[in-house]
Amino acid sequence: MAAMALSLSAQINFREGGFAEALEAAKSENKLVFMDCYTSWCGPCKLMASKEFVQEKAGEYFNPRFVSVKIDMEKGEGVELRKRYDVNAYPTLLVLNVKGELLCRHAGYLSVDELIDFAENGVKGGGLAGMHKRYAAGERSSEFIGEYLALLDDAAMSGTIRSVADDFLKDKTDTVFTDTNVYQIFCGYVTPDYAVFRSVYARKAELVKRYGEKAGLHLERVWETGARKYLRREAKKIVGYDIAGLETYYALMKECRVPEADGIRAAALVDGTIGTAEWAALLEAMTEYNRFSRMVEDQMFYACNALFYGQSAEGWKNAGERKKFAALLEKRVKALKGKEDTSGRTMTVGGKRMPVMEYYCQSYEEMLEKVKEVDIHIYSGMGFRPGIL
């Protein structure tokens, strides 16, 4: 019995039972609730469980002060708790009072010392708890809102971030051009579906004059990020896309006269069609993406490999598609051939170390040579193995 007691005190004692039982236990024991929000596929969640939660100092701090509980956010009551507490990243760690009210939270891995410091904020009523109270009391200075949004961001509370940022910025289009604090909040948190973003975008030239060329580029990047929300994911893997939503978004970009709307749409379609293995649609998207001024070579290389290895022998019998893919590969070779790679990234292939862009160029050349071969079936159907030819 003594050995068992020692083992429980030497680590965080996560209770059996569900959320309601944890609240009841906390009430009867006069403690707070510490909730580890995890998923079965989350690597950092597993690492914290095996490395940080089991440390003696963790048990010594948490067990006298908290009723600790672990809830899988994708199973059972975890699905509703994820919505209730706006959990969007894993692990998310919550400190709650006996009523289930949030005192503080953190999204991401913490060492045992960082974990104790985080929980101490909940015990003292600091962190997000204090900020929530100040916001509820009506505090709205740009300095406070900036600090509040940063804490919400750290806690991955995307729903609350949107509500706070939208409410603060909705009537501040003109202020974005005159107040640098408001402009920083605008840059950090707006998306194209904020009315204030579209109002500011319509005055892009004025914004560039006020804050410089980077301000204009940032606006275009916001459009790019917005397009990616139409990609469908399972865990972290892209498995498809919302074509209707993306087309509606594309129409909005056209309406707002976004100069490279076609390239932004294509960038999202490249990843989406890889996820659905729509090879003809992928080739069309890649062809358009190749014209995009902010095309990312890593994404193009990944897409070329996906098409090259994913397309079936039957699909490669289409001479028109082979010709179109060959033309794309020739353009990528021309763009990279002899060009200095300033990224500093290297790869080791066959015992030879070379710059990443040189490797990409060689791979494009090898794919090009094989695409032009008549006996396509020799290398088709191999399965998708990016970068290995």
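See the structure above.
Keep in mind that what you see is a predicted model, and the values were worked out from it rather than measured.

Description of the nonpolar core
By size, the foremost hydrophobic cluster in this structure holds 107 residues, and its most contacted members are Met35, Phe186, Met286, Phe325 and Tyr364. Ranked by residues supplied to this core, first place goes to helix 20 (residues 356-371) with nine residues. Every residue in contact with Met35, bar those within four places of it in the chain, is listed here: Phe19, Val69, Ile71, Leu81, Tyr85, Thr92, Leu93, Leu94 and Leu96. Membership of the second largest hydrophobic core comes to 21 residues, among which are Phe14, Leu32, Phe66 and Leu110.

Here's the deal with the side chain of Asn97
Considering the arrangement of structural elements, one finds Asn97 in the loop between strand 3 (92-96) and strand 4 (102-107). A residue is classified by how much of its surface remains accessible, and Asn97, at 15% relative accessible area, is buried. Of the polar contacts made by the side chain of Asn97, one reaches the backbone nitrogen of Lys99; its length is 2.9 Å.

Some points on the pattern of salt bridges
Considering all chains together, one arrives at 26 salt bridges under this definition. Its salt-bridge partner being Glu206, residue Arg203 comes within 3.0 Å of it at the nearest N-O pair. Across the pair Arg265 and Glu247 runs a salt bridge, and its minimum N-O distance is 2.8 Å. You can see Arg265 sitting in helix 16 (residues 261-276) and its partner Glu247 sitting in helix 15 (residues 243-255), a full 18 residues away along the chain. Looking at Arg265, the relative accessible area reads 26%, which means it is partly exposed. Assessed through its relative accessible area of 27%, Glu247 is described here as partly exposed. Via salt bridges that share partners, Arg221, Glu224, Glu260 and Arg294 belong to a single interconnected network.

What about helix 11 (residues 180-189)?
Three- or four-residue spacings in an α-helix give side chains the same orientation, since the helix completes a turn every 3.6 residues. Taken as a whole, helix 11 has its buried residues at Val182, Tyr183, Ile185, Phe186, Cys187 and Tyr189. Against helix 8 (142-154), helix 9 (158-169), helix 10 (173-176), helix 12 (195-201), helix 13 (204-211) and helix 14 (213-227) lie the buried residues of helix 11. Measuring from the side-chain oxygen of the N-cap residue of helix 11 to the backbone nitrogen of Asn181 gives 2.8 Å; that N-cap residue is Asp179.

Observations regarding the layout of surface pockets
Roughly 580 Å³ of volume is contained in the largest pocket. Contributing to the lining of the largest pocket are 17 residues, with Ser158, Thr191, Thr225, Gly226 and Lys229 lying nearest its centre. Within the residue set of the lining of the largest pocket, elements represented by two or more residues are helix 14 and helix 15. No other element matches the four residues that helix 14 contributes to the lining of the largest pocket. Residues belonging to the lining of the largest pocket are distributed by class as follows: eight nonpolar, six polar and three charged.

Things to note about the side chain of Ser142
Following the sequence through the fold, Ser142 ends up in helix 8. A relative accessible area of 13% places Ser142 in the buried class. For Ser142, the side chain forms a polar contact with the side chain of Glu143, separated by 3.4 Å. For Ser142, the contacting residues outside a window of four places in its chain are Phe168, Asn181, Val182 and Ile185.

What to know about the packing of aromatic side chains
By the definition in use, this model includes 27 aromatic pairs. Ring centres 5.9 Å apart and planes at 85° place the aromatic pair Trp41 and Tyr90 in the edge-to-face group. A residue pair is termed long-range when its members are at least 10 positions apart, and Trp41 in the loop between strand 1 (32-38) and helix 3 (43-52) and Tyr90 in the loop between helix 5 (78-84) and strand 3 qualify at 49 residues. Judged by relative accessible area, which is 17%, Tyr90 ranks as buried. Here Phe186 and Phe197 contribute two aromatic rings whose centre-to-centre distance is 6.2 Å and whose plane-to-plane angle is 15°, an arrangement assigned as stacked. Separated by eleven residues along the polypeptide, Phe186 in helix 11 and Phe197 in helix 12 bring together distant segments of the chain.

So, the environment of Glu373
Looking at where Glu373 falls in the secondary structure, it is placed in the segment after helix 20. Under the relative-accessibility criterion, Glu373 is labelled partly exposed at 30%. The spacing of Glu373 and Phe301 is 72 residues in sequence and 21 Å in space, taken between C-alpha atoms.

Topic: the sheet that holds strand 4
Taking strand neighbours across the sheet as the criterion, the four strands line up as 2-1-3-4 in an open arrangement whose pairing is mixed. At either end of the open sheet lies a strand with only one pairing partner, and these are strand 2 (66-72) and strand 4. Along the sheet, successive strands turn relative to each other by an average axial angle of 15°, direction set aside. Alignment of strand 3 against strand 4, held across five bridges, turns out to be antiparallel. In the sheet register, Leu93 faces strand 4, and the bridge partner there is His106.

Basis of the calculations
Residues numbered from 1 in each chain as written. Predicted model: local features only at pLDDT ≥ 70, side-chain atom pairs only at ≥ 80, totals over all residues. Heavy atoms only, no water. Core = buried A, V, L, I, M, F, W, Y, C linked by side-chain atoms within 4.5 Å. Buried < 20%, exposed > 50% of the residue type's maximum accessible area, 1.4 Å probe, protein only. Helix = DSSP H or I, 4+ residues; strand = E, 2+ residues; numbered from the N terminus. Contact = heavy atoms within 4.5 Å. Polar contact = N/O pair within 3.5 Å; in protein donor to acceptor, adjacent residues only side chain to side chain. Salt bridge = Lys/Arg side-chain N within 4 Å of Asp/Glu carboxyl O. 1 Å grid on protein atoms, 1.4 Å probe; cavity = no way out; pocket = protein on both sides within 12 Å on 5 of 7 lines; lining within 4 Å. Points joined across faces, edges and corners; volume = space filled by probe spheres on them. Nonpolar A, V, L, I, M, F, W, Y, C, P; charged D, E, K, R; others polar. Phe/Tyr/Trp six-rings, centres within 6.5 Å; stacked < 30°, edge-to-face > 60°. Pairing = 2+ DSSP bridges. Axes fitted to C-alpha atoms, helices over the stretch in contact; angles between N-to-C directions.

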